[in-house]
Amino acid sequence: MAVELCLLLLLFCGSTISEVQPIYKPPPGTLDFGFVPAKTYDTGAYHEPGPIGILFKVVHAFLYLVQPNPFPQDLIRKLAQQKFGNTQGDYQKAIYYEIGFIVSAALGLLFILLLPLVGLCFCMCRCCDNCGGEMHQRQKKNADCQRSCFATFLFVASLIISIGVLCAYAANQHLTNQVRGAKKLVNSNFKDLKVFLNDTPAQIDYLVSQYNTTKDKALSDLNNVGPLLGSRVQEQLGKEVRPALDAALTMAGAIRETKEALENVSVSVEVLQEGTERLHGNLTDVKMHLSNTLNDSACAAAQAASTCNIIRNSLNQLNINANFSGLPGVSSQLAKVNDVLKIDLSSLVQKGYAAFNDTPDLVVNQTKNILSDIKNVLESIGSNISNFTKTLPVQKIIADLTVYLTQSEAYVQDYFPVVEQYDFYRWLGCLILCCMVVLIVIFYYLGLLCGTCGYDKHASPTTRGCISNTGGNFLMAGVGFSFLFSWVLMIVVVLTFVTGGNIEKLVCEPFEDKTLFKVLDTPYLLNQHWKNYLSGILFKNPNINLTFEKVYSDCKENKGIYTSLHLDHLFNINEFLNISMYTEDVALRIEHIQINLSKIILLDEIGKENLLNFSSSGIEGINFGAYLTEINKSVTKVDLLSFANDLEARADQLPKGALENALKGHANNIRMIHSQQVVPLEQAMSTLNQSIRLLKRTSSELTVKVKNVISAVNAAQLLINNNASLVIVQETKKYMDTIIGYFEQYIEWVKESIAMEVAACKPIANVIDTAVDIFLCSYVTDSVNTFWFGLGGSSMFLIPAIIFAVKLSKYYRRMDTEDVYDDMENGNNGYHKEHLYGIHNPVITSSVEQW
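Fair warning: this is a prediction, and the values are worked out from it, not measured in the lab. (Residues numbered from 1 in each chain as written. Predicted model: local features only at pLDDT ≥ 70, side-chain atom pairs only at ≥ 80, totals over all residues. Heavy atoms only, no water.)

### Structural notes on the overall build of the protein chain
Phase 1 of the analysis: Within the protein chain one finds 28 helices and two strands.
Phase 2 of the analysis: Taking all 851 residues of the protein chain together, the buried fraction comes to 46%.
Phase 3 of the analysis: The contacts of the protein chain with a sequence gap of at least 6 include a subset with a gap of at least 24, amounting to 89%. (Helix = DSSP H or I, 4+ residues; strand = E, 2+ residues; numbered from the N terminus. Buried < 20%, exposed > 50% of the residue type's maximum accessible area, 1.4 Å probe, protein only. Contact = heavy atoms within 4.5 Å.)

As structure tokens, this is what we get:
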């Protein structure tokens, strides 16, 4: 029932995506759908063991030395398919793979069998005063060296045993601590699964609600069909219409400028004619008065004669240079241009602009009915989506799964105290094993301590002190307990080694590199009739390529469960978001938009006739050469200011008197004529020059220019009247693509959200990681492997410790008999007197008698 409920939820999660292939690929504006609401999962499926992780790595390295072979995928597949053993090679491959474990386990079994047997024989042998059981020690010259070596070796062996038991104890305690802390991790996984269930409906509702964003944007564009579609049409037509109207408006401005220029020419010519006539009369008077002054007797004097002659010879320069009286008039051209200006061409062109700028309003008015139908279609899409989601039994599915999850959590919570109780028994048993080793090591340390501290090198073997003798007894006690406990320790080591090592090699390492998933994904492995087991369970269709590895990897990356489990094969959700029929309906309605722009008149016939009248105004017939010839001349033959300055300078050369003053008076009079008459004439000539040149530019190919303007306007009008439908169709297609593009964006966003965000299955991967990677491998297997590694090392070093302890105890224990030496015999100490060997020691005898 639980599996069925899970599948129903997965179906529902998958029912929010469409497989509709987009028909159009427009570049619409990007819609902002926001972020799918998602809560953060608490479980961090990663375990950091801390300082003990160094021991774990050492154990892993040791296991690699024992078992360096790769994961036996073929053997596991045959074992799962119950085909293992069909060929002789299978057993050979299995033995080859397990050879490291087999050899190590064999050595352990040999240890278990032989060490108790050796201990029994050793005890019986010593009871017969053999194997060091005789309380007699032969003195040797290197006895101190041997004792030191044996003590050192025993200390080193005891130290190694101590390190091993510490490792075993640390692993034992670590496993207990992790088991006690696993409850929090389990609760975190259940919490994440509840969040996964409870958060999914809200995510689905959010996806459905974001259709309103698409609809609102589409409605906004439809309500702004004038600025959008109308402006697009206007923009395309404007590429030809606006230049034509601009040219017509420019020509209207040229007509006004022509009128002003003709008026300026007429006035300037009249001013110049009158001015030059008046200037000529004034210059004539000046020449006459100067001539009379130069005829004065004062000029006959020798000092003034030459100066007066020079002035007299220059009088001919005082005359006008330009003659404007012969220039033709422009009154006829001006009259024709004034007739042209009676019609306001600029106003006519502005009307054309206004009519063309009303294109968006024309579009709005002519598309009201169609846009209303499109809006109704959009509203119906939203209603269908909402109605469909309401028919899904979301709350029932969530409620059933939540009940199942709650029951599972309660079951785990009920049995967790049992797990902790059994773990306590395990911890106590492992602690007892560690205490066995600790007891042995304590005897060895006490024996070393007492023996080293109580040893007196001057005492004979039969006279050794109580402390030294106690040290030897401690050592022999350690040996005895070693024989008693070692085989028990090794049994535990072998069992945990074979179990934990194989779990590490056959489960943990393949799980870490995903090789285990590849084995599980082997076709027909778990079911001989199914190619893909997972798809066969979920979809009843084993031909769908759905693998454990892909599902685990996708969930590990927190992808949506719809993508991870390929739920598109289980539920056809086209009915939910199959908006293709609606978009096609929208597209057809938009394509049927008919926009008539024939009411737009860019320039009527009156305006065109006005342009033609301007071209025939006759301004091109003006004699511009005659005007420019006179304009380029100066007003007078000589610069009157220069002449007046020169006259005044020459007057200064004359003797002081009436002649000098008279000449200076004539110079001032010339200056006054220049300022009052010549300067205004020069200004009038400048105005005439500008106007003539403007008229010359305007009249150049005027007829051709006017015809071009009229042709451009006619072409633009023809485009609006006849060819605008093609432009309207093109722009309507783009407008339609934009509207449809909003729905495509929504579909793509839903797809991406379903694939990556909705019902993200990270909790499922976390449950697998928690069960296998963390609990089984990191908590249990690593701790168990470290336990047997430490305990096994300690057990193995019990053998050299036994040997060194037995050897060393001879040097610490008090002997019953001793060797007797004759210091004078052969002149050398330390030689054993064979005939005295084994003589009863009176010291020992007296001591025993006293006790």
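### A look at the packing of helix H2 (residues 53–66) against helix H26 (residues 762–796)
Phase 1 of the analysis: For the pair H2 and H26, the least separation of the axes is 9 Å and the interaxial angle reads 75 degrees. Of the possible angle classes, the one that applies to H2 and H26 is roughly perpendicular. Contact with H2, carried on its side by Leu 55, Phe 56, Val 58, Val 59, His 60, Phe 62 and Leu 63, involves Ser 778, Asp 782, Ser 783, Asn 785, Thr 786, Trp 788 and Phe 789 of H26 and no other residues of that element. (Axes fitted to C-alpha atoms, helices over the stretch in contact; angles between N-to-C directions. Parallel < 35°, antiparallel > 145°, perpendicular 65-115°, else oblique.)

### Some words on the state of the cysteines
Between two cysteines, a covalent bond joining their sulfur atoms is known as a disulfide.
Phase 1 of the analysis: Scanning the model with the defined rule gives two disulfides in all.
Phase 2 of the analysis: Residue pairing for Cys 508: its cysteine sulfur links by disulfide to Cys 777, the two sulfurs lying 2.1 Å apart. Note on the Cys 508 and Cys 777 pair: the S-S dihedral is about -100 degrees, so by sign convention the disulfide is left-handed. Note that Cys 508 is positioned in helix H14 (residues 466–512) and Cys 777 in helix H26, a separation of 269 residues in sequence. (Disulfide = S-S within 2.5 Å.)

### Some details on the packing of aromatic side chains
Phase 1 of the analysis: In this structure the tally under the stated criterion is 23 aromatic pairs.
Phase 2 of the analysis: On the numbers, 4.8 Å between centres and 20 degrees between planes, the contact of Phe 517 with Tyr 552 is stacked. Residue Phe 517 is found in helix H15 (residues 515–520), and its partner Tyr 552 is found in helix H17 (residues 548–556); the two are separated by 35 residues along the sequence. In this structure, Phe 517 and Tyr 552 share a single accessibility class: buried. (Phe/Tyr/Trp six-rings, centres within 6.5 Å; stacked < 30°, edge-to-face > 60°.)

### Topic: the nonpolar core
Phase 1 of the analysis: Counting 81 residues, the largest nonpolar core has Leu 290, Leu 318, Leu 602, Tyr 627, Leu 663 and Ile 670 as the members making the most contacts within it.
Phase 2 of the analysis: It is helix H7 (residues 225–294) that contributes the most residues to this core, 20 residues altogether.
Phase 3 of the analysis: Every residue in contact with Tyr 627, bar those within four places of it in the chain, is listed here: Val 265, Val 269, Leu 327, Pro 328, Gly 329, Val 330, Ile 622, Leu 688 and Ile 692.
Phase 4 of the analysis: Residues Val 195, Ile 397, Ile 544 and Val 758 belong to the second largest nonpolar core, which totals 54 residues. (Core = buried A, V, L, I, M, F, W, Y, C linked by side-chain atoms within 4.5 Å.)

### Structural notes on the environment of Lys 633
Phase 1 of the analysis: Within the secondary structure, Lys 633 sits in the loop between helix H22 (624–631) and helix H23 (640–653).
Phase 2 of the analysis: When residues no more than four places from it in sequence are discounted, the contact partners of Lys 633 are Asn 321, Ala 322 and Met 685.

### Observations concerning the side chain of Asp 769
Phase 1 of the analysis: Among the structural elements, Asp 769 can be located in helix H26.
Phase 2 of the analysis: On the basis of relative accessible area, Asp 769 is assigned to the buried category, the value being 1%.

### Concerning the pattern of salt bridges
Phase 1 of the analysis: Taken as a whole and assessed by the stated rule, the structure comprises seven salt bridges.
Phase 2 of the analysis: In this structure, the salt-bridge partner of Lys 559 is Asp 554, at a minimum N-O distance of 3.6 Å. By the burial criterion, Lys 559 is buried, and Asp 554 matches it.
Phase 3 of the analysis: The salt bridge involving Asp 769 is made with Lys 556; its shortest N-O contact spans 2.3 Å. In this pair, Asp 769 sits in helix H26 while Lys 556 sits in helix H17, placing the two residues 213 residues apart along the sequence. (Salt bridge = Lys/Arg side-chain N within 4 Å of Asp/Glu carboxyl O.)

### Quick notes on the confidence of the model for the protein chain
Phase 1 of the analysis: Confidence in the prediction for the protein chain averages 77 pLDDT; 81% of positions are at 70 or higher.
Phase 2 of the analysis: Here helix H28 (residues 842–850) stands out as the least confident element of the protein chain, with mean pLDDT 35; H2 is the most confident, with 91.
Phase 3 of the analysis: This stretch, residues 1–28, has a pLDDT under 50; its non-local contacts, to residues over four places away or in other chains, come to 76 contacts.
Phase 4 of the analysis: Below a pLDDT of 50 lies the segment residues 822–851, which in the model reaches 25 contacts outside its immediate sequence neighbourhood of four places, other chains included. (pLDDT = per-residue confidence, 0-100.)

### Brief notes about helix H5 (residues 143–209)
Phase 1 of the analysis: Spanning 67 residues, H5 covers 95 Å between terminal C-alpha atoms, matching the ideal 99 Å at 1.5 Å per step.
Phase 2 of the analysis: Its maximal kink placed at Gly 181, H5 deviates by approximately 35 degrees. (Expected span 1.5 Å × (residues − 1). Bend = angle between axes of the 7 residues up to and from the residue.)

### Side note on unusual backbone geometry
Phase 1 of the analysis: Positive phi outside glycine occurs at Lys 514, with the angle close to 65 degrees.
Phase 2 of the analysis: Within the secondary structure, Lys 514 sits in the loop between H14 and H15.

### A few points about the side chain of His 174
Phase 1 of the analysis: Here His 174 is to be found in helix H5.
Phase 2 of the analysis: Among the residues examined, His 174 registers a relative accessible area of 9% and is labelled buried.
Phase 3 of the analysis: In contact with His 174, not counting residues within four places along its chain, are His 47, Pro 49, Ile 52, Phe 56, Ser 778 and Ser 783.

### Details of the packing of H17 against H26
Phase 1 of the analysis: At a closest axis distance of 7 Å, the pairing of H17 and H26 adopts a crossing angle of 110 degrees. Relative to H26, H17 is oriented roughly perpendicular. Crossing geometry of H17 relative to H26 is assigned as left-handed. Of the residues in H26, those in contact with Tyr 552, Cys 555 and Lys 556 of H17 are Lys 762, Ala 765, Ile 768 and Asp 769.
Phase 2 of the analysis: A class-by-class count of the residues in the contact of H17 with H26 yields four nonpolar, no polar and three charged. (Left-handed = near helix turned anticlockwise from the far one by under 90°. Nonpolar A, V, L, I, M, F, W, Y, C, P; charged D, E, K, R; others polar.)

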